[in-house]
Every structure is written in structure tokens, then in C-alpha cells.
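Descriptive analysis of the structure
Each chain, letter by letter, is given below.
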Amino acid sequence: VLALEYPNWMPGAHSPTGAQGGVLKFKVLADGKTLDWTRDPVEMNTVRVNVPEGAKRIRVEYTVAGRPGSAHISRVSWFQMVWYPAAPTDAIEYRATLELPDGWKAATALPVDSSNGNRVRFKPVSLTRLVDSPCEIGRFYKQFDVTGHSSVPHYLDVLADSDAALHPSADVLDHIRRTHEEAEAIIGSHHYRDYHWLLTISEYAPRMGLEHHESSEDGAGTDGFTSGTLDLADLLSHEYFHS
């Protein structure tokens, strides 16, 4: 019997709030043959499948309802997209791949293995690191190096609904650079390989913040760079300090 689990503890959530309401058309196949499955009556995020003896390949197929975005921006939350064998998540290795719409780019802290056309392949990572490394994808994208005096890279990755909204002032970039420089001076260390602020500038993508280990998901309106830096500074520094 194979036990498959859906993530229940979400990055940035402080209780087991994982929900399968967005999982549709779920099925499990062994060597191409559809198998019957049952949901655990107590652990509702677990399904159990009787796998035939000698089966060589198990495939799980399903559709996931998307998160809010716009015609030009979307968020890829890996924790919504994985069913995994019941085992410690640090011990499970994933090789994720994204198929992007034409002309779109991906911003993420996940290390990229290769990029060919619309397909982006990421390097192998543990399931723990994967679900804590979301992607922002979009048509209009620009990355800014805000490393400053740090010994590891720091980036502001901006996605917007137009090219015109991709251009923060030098003053804004300086504030962001000093955010991590001052934090490193206070804390005395950093615990990530590099850090990415994944910032969407849009009236349609969510205006929210969610902390992660090597990145944060940050959303602001189209006036995010022009209405003064206080709100944006609060958002970016808040999620960064969570990391």
C-alpha cells in the first residue's frame, strides 16, 4: 500500500492549514493503468493506493486551481502542486520543471539547472526547500542587484503588468539594499545562499507578503514605487526579518 500525502503545513502559516479544495481530477496510475485509491478517514491529507506487485512506475495526475494574478502575472506555489510519499520531507528529492507561456519569465530563489525556450528546469532540491521556494512568473520582469556590501547576492525581482512599472528609483533600490545590510550588521550573519524579494506591482495580483527562507512573496499596487517608500519598506523588511 502506497501512502501519498498533500502538504498540510504551509510556509508562512502558523497552523496546519493545507487544503485540498483546489485539487481536481485526481488519479494514480501504475505503468499507465489507473488504480483505485481511498482517503485516510483521520488524516484527510493522505490517500492510500494498492500498488500491483512488480509495478515499475507510479504517476499521479491532477489539476490544481490557480492562485489570483493578472493577465501578465501569476504565482507558482509548489506546496499546492505536490503529492509525495509518506516520508520526512528533507529526505525526498524533487526535480521541478516549469512550462511558461510564450514570452514569460520566472523569478525564484530555486537554482536553475537549464532553460530552453519556455521550459525551465530546476536543480534537485529537497521537498522542504521546494515548497518554501515559490516562483513569480510574468511577461514583464526585471531583476535588480541590491547586494551592496553583503558577502552573498541579494536581488529585487520585479514583475508588473507593464514595462513602465518595472523601474524603481535609485532611492528605492538604496533603501532595499540597506535593509539587509543593516540586518546583517545587527544579526551578525545570514543563513541563505542568496536572497530574493519577489515583488509584484499590479492592481490585480495579490497585495500581500509571505515569508520564505531565501525569498519573500511581496505584492504592491501600481503606485508601489511612486507613493512614498514607507508602505513598501514595511512590507519588504517585515518579510525579510521573518526569514
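Before any of the text, the structure's been laid out above.
This write-up is about the structure you can find in this document. These figures come from a predicted structure and were not determined experimentally. (Residues numbered from 1 in each chain as written. Predicted model: local features only at pLDDT ≥ 70, side-chain atom pairs only at ≥ 80, totals over all residues. Heavy atoms only, no water.)

**Some points on the overall build of the protein**
A tally of regular secondary structure across the protein gives three helices and 20 strands. Taking 2.2 N^0.38 as the reference for a compact globule, 243 residues should give roughly 18 Å; the C-alpha atoms of the protein span a radius of gyration of 20 Å, in line with that estimate. Here the protein holds 243 residues, and 43% of them are scored as buried. Excluding contacts between residues fewer than 6 apart, the proportion of contacts in the protein whose partners are at least 24 apart in sequence is 62%. When the accessible surface of the protein is totalled, it reaches about 12800 Å², and 51% of it is carbon and sulfur. Distance between charge centroids for the protein: 10 Å, based on 22 positive and 33 negative side chains. (Helix = DSSP H or I, 4+ residues; strand = E, 2+ residues; numbered from the N terminus. Rg over C-alpha atoms; globule rule 2.2 N^0.38 Å. Buried < 20%, exposed > 50% of the residue type's maximum accessible area, 1.4 Å probe, protein only. Contact = heavy atoms within 4.5 Å. Areas by Shrake-Rupley, 256 points an atom, 1.4 Å probe, with all protein chains shown as cover. Lys, Arg positive; Asp, Glu negative; His and termini not counted. Charge placed at Lys NZ, Arg CZ, Asp CG, Glu CD.)

**Considering the sheet that holds strand 13 (residues 119-122)**
Reading across from one edge, 10-13-12 is the order of the three strands in this open sheet, with antiparallel pairing throughout. One side of each edge strand has no neighbouring strand; the edge strands of this open sheet are strand 10 (97-99) and strand 12 (112-116). Here the average twist between neighbouring strands, direction ignored, is 15°. (Pairing = 2+ DSSP bridges. Axes fitted to C-alpha atoms, helices over the stretch in contact; angles between N-to-C directions.)

**Topic: the packing of aromatic side chains**
If you walk through the whole model with that rule in mind, you get 11 aromatic pairs. Judged by centre distance (6.1 Å) and plane angle (80°), the ring pair of Trp 78 and Phe 122 falls under edge-to-face. With Trp 78 in the loop between strand 7 (73-76) and strand 8 (84-85) and Phe 122 in strand 13, this pair connects stretches of sequence that are 44 residues apart. Their ring planes at 65° and their centres at 6.3 Å tell us that Tyr 192 and Tyr 240 sit as a pair that is edge-to-face. On the criterion of sequence distance, the pair formed by Tyr 192 in the loop between helix 2 (170-187) and strand 18 (195-201) and Tyr 240 in helix 3 (residues 230-242) is long-range, its members being 48 residues apart. Since its relative accessible area comes to 6%, Tyr 192 is described here as buried. One aromatic cluster is present, built from ring pairs that chain together Tyr 6, Phe 26, Trp 37, Tyr 62 and Trp 83. (Phe/Tyr/Trp six-rings, centres within 6.5 Å; stacked < 30°, edge-to-face > 60°.)

**Concerning the side chain of His 196**
Mapped onto the elements of the fold, His 196 is located in strand 18. Note on His 196: relative accessible area 6%, which makes it buried. Among the polar contacts made by the side chain of His 196, one reaches the side chain of Asp 157 at a distance of 2.7 Å. The contacts of His 196, once residues within four sequence positions are left out, are Thr 108, Ala 109, Gln 143, Tyr 155, Asp 157, Glu 214, Ser 215 and Ser 216. (Polar contact = N/O pair within 3.5 Å; in protein donor to acceptor, adjacent residues only side chain to side chain.)

**Remarks on the layout of surface pockets**
Any empty space left between atoms is shown by rolling a water-sized probe over those atoms. Within this model, the largest pocket holds a volume of roughly 940 Å³. Around the largest pocket, the lining is made up of 23 residues, and of these Arg 59, Val 60, Tyr 62, Met 81 and Tyr 94 lie nearest the centre. Looking at the lining of the largest pocket, the elements with two or more residues in it are strand 1 (2-5), strand 6 (58-64) and strand 10. Take the lining of the largest pocket: its biggest share by element is seven residues, from strand 6. Of the residues in the lining of the largest pocket, the class split is 15 nonpolar, two polar and six charged. (1 Å grid on protein atoms, 1.4 Å probe; cavity = no way out; pocket = protein on both sides within 12 Å on 5 of 7 lines; lining within 4 Å. Points joined across faces, edges and corners; volume = space filled by probe spheres on them. Nonpolar A, V, L, I, M, F, W, Y, C, P; charged D, E, K, R; others polar.)

**Some thoughts on the pattern of salt bridges**
Evaluation of the coordinates by the stated rule reveals 12 salt bridges. With a shortest N-O distance of 2.1 Å, Asp 174 and Arg 177 are connected by a salt bridge. Of the two residues, Asp 174 and Arg 177 both sit in helix 2, three residues apart, roughly one turn of that helix. Among the charged side chains, a salt-bridge network with shared partners connects Asp 174, Arg 177, Arg 178 and Glu 181. (Salt bridge = Lys/Arg side-chain N within 4 Å of Asp/Glu carboxyl O.)

**Structural notes on the environment of Thr 97**
Tracing the backbone shows Thr 97 in strand 10. Judged by relative accessible area, which is 34%, Thr 97 ranks as partly exposed. Between the C-alpha atom of Thr 97 and that of Lys 123, which follows or precedes it by 26 residues, the distance is 9.3 Å. When near neighbours in sequence (up to four residues on either side) are disregarded, Thr 97 contacts Trp 78, Arg 119, Val 120, Arg 121 and Phe 122.

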